[in-house]
2 protein chains.
Amino acid sequence: MPKRPTIADVAQACGLSRATVARALSGKGYVENEKRLLIQKTARKIGYRTSALARALRTQRSASVGVLIADITNPIFPQIVKGIDDVLSAKGHTILLCNTDESPQKQIALASSLIDRHVDGLILVSQSLETPAIRDLLAGGPPCVFVNRRPFETADYVGPDNIQAIDLLVDHLAGIGHTKIGYITGTESSSTSRERLSQFSVALQRHGLAVRPEWVFPGDYTIECGREAVRKMSRLSDRPTAIMAANDFSALGMIEEAQSRGLSVPRDLSVTGFDDVLSFSDQLPRSLSMQGLTTISQPKREIGMAAAAMLLERLAGGRETTLQSVILPVNIKVRDTTAPPPMGQEKPHRTRRKRAAR
Amino acid sequence: MPKRPTIADVAQACGLSRATVARALSGKGYVENEKRLLIQKTARKIGYRTSALARALRTQRSASVGVLIADITNPIFPQIVKGIDDVLSAKGHTILLCNTDESPQKQIALASSLIDRHVDGLILVSQSLETPAIRDLLAGGPPCVFVNRRPFETADYVGPDNIQAIDLLVDHLAGIGHTKIGYITGTESSSTSRERLSQFSVALQRHGLAVRPEWVFPGDYTIECGREAVRKMSRLSDRPTAIMAANDFSALGMIEEAQSRGLSVPRDLSVTGFDDVLSFSDQLPRSLSMQGLTTISQPKREIGMAAAAMLLERLAGGRETTLQSVILPVNIKVRDTTAPPPMGQEKPHRTRRKRAAR
DNA sequence: CTGTTAGCGCATTCAA
DNA sequence: TTGAATGCGCTAACAG
């Protein structure tokens, strides 16, 4: 393994001092033009590559940022990462991407590792931060921006507008006549999940409806929890005519279980999702994609870009900059899994008022 | 921004020398047990974190490996990355993941950046390496393992068994009676794509069939190229009864365009894909997922794990270890898009011989 | 067992 | 404009 050339090697090859070479290569400081050219040429010739390690050690800046994601396998995350990547690489930062697998242990191990590597900043996507250990760690670490889940109020944050999202869904369902609306939650620990649930209640009230606790099914973003919810529901004597799921996977599970029990979606039961995970299907005709799921589509790439931009700002401005919070608007995709409730059971009625655009 | 504590700080707080502290913290070398405990405690107290930067600079090992992927947005890659991550993080390596977006410029920029950061190794997933620049760069860089595409023979490589895959597909189609089989290629520059195409020809011959150049449609892994292929095909007087696509997206494009022209898939035209991108749909009943695509499923996670394991071996053994190549077996998923050819046009016939399992 | 010393490769001050 | 000298934080001899 041939040792890689250093500044000293270039300097020697040129008969100049290391300092001069360093200046020539970094572009900072005065160097006679002719020598600069010579230096650059020989550097290239002998295959010199500047060591980001040594530079970072010296300058205390690594030009890298760490990104923690909860599950690389979930289709919404790559899109967010792409957004982050697009703005960060444009500014010369390298992103170190790590997958925490929703595990607090991995979370702390990876965050430590990134901090040890002197990342200039951290972007935490959908991290729950349940343990105090991780919070202490972050407190002593570089600036960090939270995406999708906000562990505490005083933190830079970017996320979709959950309030608006729930409103859109409830308005849609109530608008086509549903009065008996259920809900499947996400995991307890997710701030996002709590926020959505609480807005669910608010939105229902706006339509003169109340939350029925037995129609709120605990979930965890999996297909299985959707199935389970339908099983539970079918044991009830008074059943909802529509159920909103915390994400698309739960919604798919519901649809499956409902169908296997002879319930037709949306005729007997309307179902909504969240995330629009199968969004590539927009490129295909309806006939080809699976039954179109009525769902909320979040601006994934924009969320990533906003988070990256926020971090850059913080990196430039230091700790003093005031805390920020960017909430991005979402869209509802009304497709095939929602319809008016079964006749004779509910009468369609008009929405009391159209909610103002936000 | 409070400067982060260094070994010197811990040493001072303990009234010991830096060397002793270093030994205590790294666990190497002799340190009196009592002092070791004291050191560890104070280190924790003042929030000391060892600088991976300085250590890497000193030891010339960064305990990190760079992973380049072609498109983080394509569902097959996250799975591969997960496999890589699983074995690498278990060994204490951090993975630096970068997205080249299929762009040669990004590819070279990112590879440079990773090498500059002294990654111990590189895993290149589906990278084309068209430019000599990148090949020179890699030649001077750390050990690297190629996944899915192999730029040259003398390289560590992990990938799916393309030969077997094509055989499975052709055997399946020929087995149900097709004699007129077409093909949509992937991008020219991909070794994988070339390998598959060449095996396509071999497999056809084995069934006594010949490749018809006008039935080989150039493609680029997109939905659109699938549509285009069907358009071209429909201008032909003598048409294939089955077309194999280089990946699932092209296959979807074909199905769409075929249907919009009033052709029924699979009654009038059989279609196969490659990758099994919608594999999560296996968890759902057929009725819910989109029309089940007959396709090849590769062991994505295993591919990632094998690549990581190979790199680790190379890191341990040095350059001397003999070059390796791991080819992993694939599966065919026969679903709803393939059926015997239209009657009267082709007669079902028996496969000449069953190909031995590989 | 512990401390002293000397770099890893680079950026940066200060003199020349 | 250039060169000599210093140190970022750590590890690895080596000497005590």
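Sequence order as written defines residue numbering, which begins from 1 separately in each chain. Working convention: letters from A go to chains and numbers from 1 go to ligands, in the order in which they are written. Local features in this predicted model are restricted to residues of pLDDT 70 or higher, and side-chain atom pairs are both shown and tallied only at a pLDDT of 80 or more, whereas totals for entire chains, interfaces and linings draw on every residue. Values shown for side chains rest on all heavy atoms present in the structure; no hydrogens or waters enter the calculation.

1. Looking at the overall build of chain A
Note the cut-off: Helical segments are the DSSP runs of H or I of at least four residues, strand segments are the runs of E of at least two, and each set is numbered from the N terminus. Atoms counted for the radius of gyration: C-alpha only. Globule rule: 2.2 Å times residue count to the power 0.38. A simple rule labels every residue: compare its accessible area, found with a 1.4 Å probe on the protein chains alone, to the largest value its type can have, and call it buried under 20%, exposed over 50%, or partly exposed in between. The contact definition used throughout considers only heavy atoms, calling two residues in contact when any of these lie within 4.5 Å. Only the protein chains shown count as cover for residues, and all accessible areas are computed by the Shrake-Rupley method using a 1.4 Å probe. Asp and Glu are treated as the negative residues and Lys and Arg as the positive ones, with His and the ends of the chain left uncounted. A charge is said to be at NZ when it belongs to Lys, at CZ for Arg, at CG for Asp and at CD for Glu.
Broken down by element type, chain A carries twelve helices and twelve strands. Taking 2.2 N^0.38 as the reference for a compact globule, 358 residues should give roughly 21 Å; the C-alpha atoms of chain A span a radius of gyration of 26 Å, well beyond that estimate. Counting only C-alpha atoms and orienting by the principal axes, one finds that chain A spans roughly 95 × 45 × 40 Å. The buried share of chain A, reckoned over its 358 residues, is 55%. Look at the contacts in chain A between residues 6 or more apart in sequence, and 72% of them connect residues 24 or more apart. Summing over all exposed atoms, chain A offers an accessible surface of approximately 15,700 Å²; the carbon and sulfur share of this is 53%. Of the charged side chains in chain A, 47 are positive and 36 negative, and the gap between their average positions amounts to 6 Å.

2. As for the protein's contact with DNA strand D
Note the threshold: Note on terminology: near, applied to a residue and a molecule or strand, indicates that one of the residue's heavy atoms is within 4 Å of it. Under the rule applied, a polar contact is a pair of N or O atoms within 3.5 Å (in protein, one hydrogen donor and one hydrogen acceptor; residues adjacent in sequence only if both atoms are side-chain atoms). Side-chain classes are defined by residue name, with Ala, Val, Leu, Ile, Met, Phe, Trp, Tyr, Cys and Pro counting as nonpolar, Asp, Glu, Lys and Arg as charged, and the others, Gly among them, as polar.
In the vicinity of DNA strand D, 28 residues are found, and the nearest of them are A:T20, A:E32, B:I7, B:Y48 and B:R58. Expressed as a percentage, the sugar and phosphate content of the atoms of DNA strand D within 4 Å of the protein is 64%. Within the side chain of A:R58, an N or O atom sits 3.3 Å from a base nitrogen of DNA strand D. A distance of 3.3 Å is found between a base nitrogen of DNA strand D and a side-chain nitrogen or oxygen belonging to B:R18. Every element with two or more residues in the surface near DNA strand D is listed here: α2 (18-26) and α4 (52-59) of chain A together with α2 (18-26) and α4 (52-59) of chain B. The class makeup of the residues in the surface near DNA strand D is ten nonpolar, seven polar and eleven charged.

3. Observations concerning the sheet that holds strand β5 (residues 156-160) of chain A
In a beta sheet, neighbouring strands pair by backbone hydrogen bonds and run either parallel or antiparallel. Residues and elements named next belong to chain A. Keep this limit in mind: Strand pairing is defined by DSSP finding a minimum of two bridges between the two strands. Only the contacting stretch of a helix is used when fitting its axis, a line to C-alpha atoms as for every element, and angles between N-to-C directions run 0 to 180 degrees.
Strand order across the open sheet formed by six strands is β2-β1-β3-β4-β5-β11, with parallel pairing between neighbours. This sheet does not close on itself; its edge strands, each paired only once, are β2 (94-99) and β11 (325-328). Mean inter-strand twist for the sheet, computed between neighbouring axes without regard to direction, equals 15 degrees. Along the sheet, helix α6 (residues 104-116) contacts β1 (64-69), β2 and β3 (121-125); its crossing angle with β1, the most-contacted strand, is approximately 175 degrees.

4. Focus on helix α9 (residues 191-206) of chain A
Residue and element names in this part refer to chain A. Basically, it comes down to this: Helix span, as expected, comes to 1.5 Å for every residue beyond the first.
Taking 1.5 Å of rise per residue, the 16 residues of α9 would be expected to cover 22 Å, and the 23 Å separating its terminal C-alpha atoms lies within 8% of that figure. Along its buried surface, α9 packs onto α8 (162-175), β6 (181-184) and β8 (242-245). A positive backbone phi angle near 75 degrees is found at G208, which sits one or two residues after α9.

5. Section: the confidence of the model for chain A
Residue and element names in this part refer to chain A. Condition: A residue's pLDDT is the predictor's confidence in that residue, given on a scale from 0 to 100.
The predicted model of chain A averages 88 in pLDDT, with 91% of residues at 70 or higher. At the low end of the mean pLDDT range in chain A sits helix α7 (residues 132-139), at 88; at the high end sits α8, at 98. The low-confidence segment residues 346-358, where pLDDT is below 50, has 28 contacts with residues more than four positions distant or belonging to other chains.

6. Considering the protein's contact with DNA strand C
If you check the shell around DNA strand C, you find 27 residues, and the closest are A:Y48, A:R55, A:R58, B:T20 and B:R58. The share of sugar and phosphate among atoms of DNA strand C within 4 Å of the protein is 59%. Within the contact set of DNA strand C, a phosphate oxygen lies 2.5 Å away from a side-chain nitrogen or oxygen of A:R55. Between B:E32 and DNA strand C, the recorded distance is 2.7 Å, taken from a backbone N or O atom to a phosphate oxygen. Elements with a minimum of two residues in the surface near DNA strand C: α2 and α4 of chain A together with α2 and α4 of chain B.

7. Re the pairing of strand β3 (residues 121-125) of chain B
Residue and element names in this part refer to chain B. Which entries qualify depends on this criterion: A clockwise path from the first strand over the helix to the second, with the strands pointing away from the viewer, defines a right-handed crossover.
Along β3, five of the five residues are buried, which leaves the element largely enclosed by surrounding structure. Judged by which residues are buried, β3 turns out to be covered on both faces: G121, I123 and V125 on one side and L122 and L124 on the other are all buried. Strand direction decides the pairing type here: strand β1 (residues 64-69) and β3, joined by five bridges, are parallel. Across the sheet, residue L68 finds its bridge partner in β3, namely L124. Across four bridges, β3 lies against strand β4 (residues 144-147) in parallel orientation. Residue pairing in the sheet places L124 in a bridge with F146 of β4. The parallel pair β3 and β4 is bridged by helix α7 (residues 132-139), and the resulting crossover is right-handed.

8. A word on the packing of aromatic side chains
The line we're drawing: Geometry of aromatic contacts follows a simple scheme: Phe, Tyr and Trp rings, the Trp one being its six-membered ring, pair when their centres are within 6.5 Å, and the pair is stacked under 30 degrees between planes, edge-to-face over 60, tilted otherwise. By definition, being over a ring means that NZ of Lys or CZ of Arg is both within 6 Å of the ring centre and within 35 degrees of the ring normal.
Throughout the structure, instances matching the rule amount to four aromatic pairs over all chains. Relative to B:F152, the ring of B:F146 lies with its centre 5.7 Å away and its plane at 70 degrees, an arrangement referred to as edge-to-face. The ring of A:W215 carries A:R212 above its face, with NZ or CZ at 4.0 Å from the centroid.

9. Things to note about the side chain of B:H93
All names here are of chain B. Along the chain, H93 turns up in the loop between α5 (76-90) and β2 (94-99). Look at H93 and you get buried, because its relative accessible area is 13%. Not counting chain neighbours up to four residues away, the residues in contact with H93 comprise A63, S64, V65, L88, D120, L312 and L315.

10. Quick word on the domain arrangement of chain A
What counts is decided by this rule: Throughout the structure description, domain borders are defined by an automatic or database domain assignment.
What the domain assignment reports for chain A is domain 1 (7-50), domain 2 (62-159 + 300-326) and domain 3 (162-298). Using only C-alpha atoms to locate each centre, domain 1 of chain A and domain 3 of chain A end up separated by 63 Å.

11. Section: the pattern of salt bridges
Residues and elements named next belong to chain A. Using the following cut-off: Basic side-chain nitrogens of Lys or Arg form a salt bridge, by our definition, when they fall within 4 Å of a carboxyl oxygen of Asp or Glu.
Per the counting criterion, the structure on display carries 36 salt bridges over all chains. The partner of D86 in a salt bridge is R301, and the shortest N-O contact between them spans 2.6 Å. With D86 in helix α5 (residues 76-90) and R301 in helix α12 (residues 300-317), the pair connects residues that are 215 residues apart, well separated along the chain. Taking the relative accessible area as the measure of exposure, R301 reaches 33% and is therefore partly exposed.

12. A closer look at the sheet that holds strand β5 (residues 156-160) of chain B
Residues and elements named next belong to chain B. Within the open sheet, the six strands sit side by side as β2-β1-β3-β4-β5-β11. Their pairing is parallel. At either end of the open sheet lies a strand with only one pairing partner, and these are β2 and β11 (325-328). With direction set aside, neighbouring strand axes in the sheet form an average angle of 15 degrees. Here three bridges tie β4 to β5, and the two strands are oriented parallel to one another. Paired with V147 across the two strands is V158, which belongs to β5. Sheet strands in contact with α5 are β1, β2 and β3, and its direction is about 160 degrees off that of β3.

13. What to know about unusual backbone geometry
Note: most residues except glycine have negative phi, and most peptide bonds are trans. In this model, A:V265 is joined to A:P266 through a cis peptide bond whose omega is 10 degrees. Tracing the sequence through the fold places A:P266 in the loop between α11 (248-260) and β9 (270-272). The phi dihedral of B:N148 falls on the positive side, at around 75 degrees, and the residue is not glycine.

14. Here's the deal with helix α3 (residues 33-45) of chain B
Residues three or four positions apart in an α-helix share a direction because the helix packs 3.6 residues into each turn. Residue and element names in this part refer to chain B. Threshold: Along the arc lie the directions from the helix axis toward the C-beta atoms.
The end-to-end C-alpha distance of α3 is 18 Å, a good match for the 18 Å that 13 residues give at a rise of 1.5 Å each. What α3 keeps buried is the set R36, I39, T42 and A43. Along α3, the residues classed as buried sweep out an arc of 140 degrees about the axis, all on the same side. Exposed residues lying more than 90 degrees from the buried face of α3 are N33, E34, L37, K41, R44 and K45. Buried residues belonging to α3 abut α1 (7-14) and α2.

15. Structural notes on the side chain of A:N162
All names here are of chain A. Mapped onto the fold, N162 is located in helix α8. The class for N162 is buried, based on a relative accessible area of 2%. Ignoring any residue separated from it by four or fewer positions in sequence, one finds N162 in contact with T192, E195, R196 and F274.

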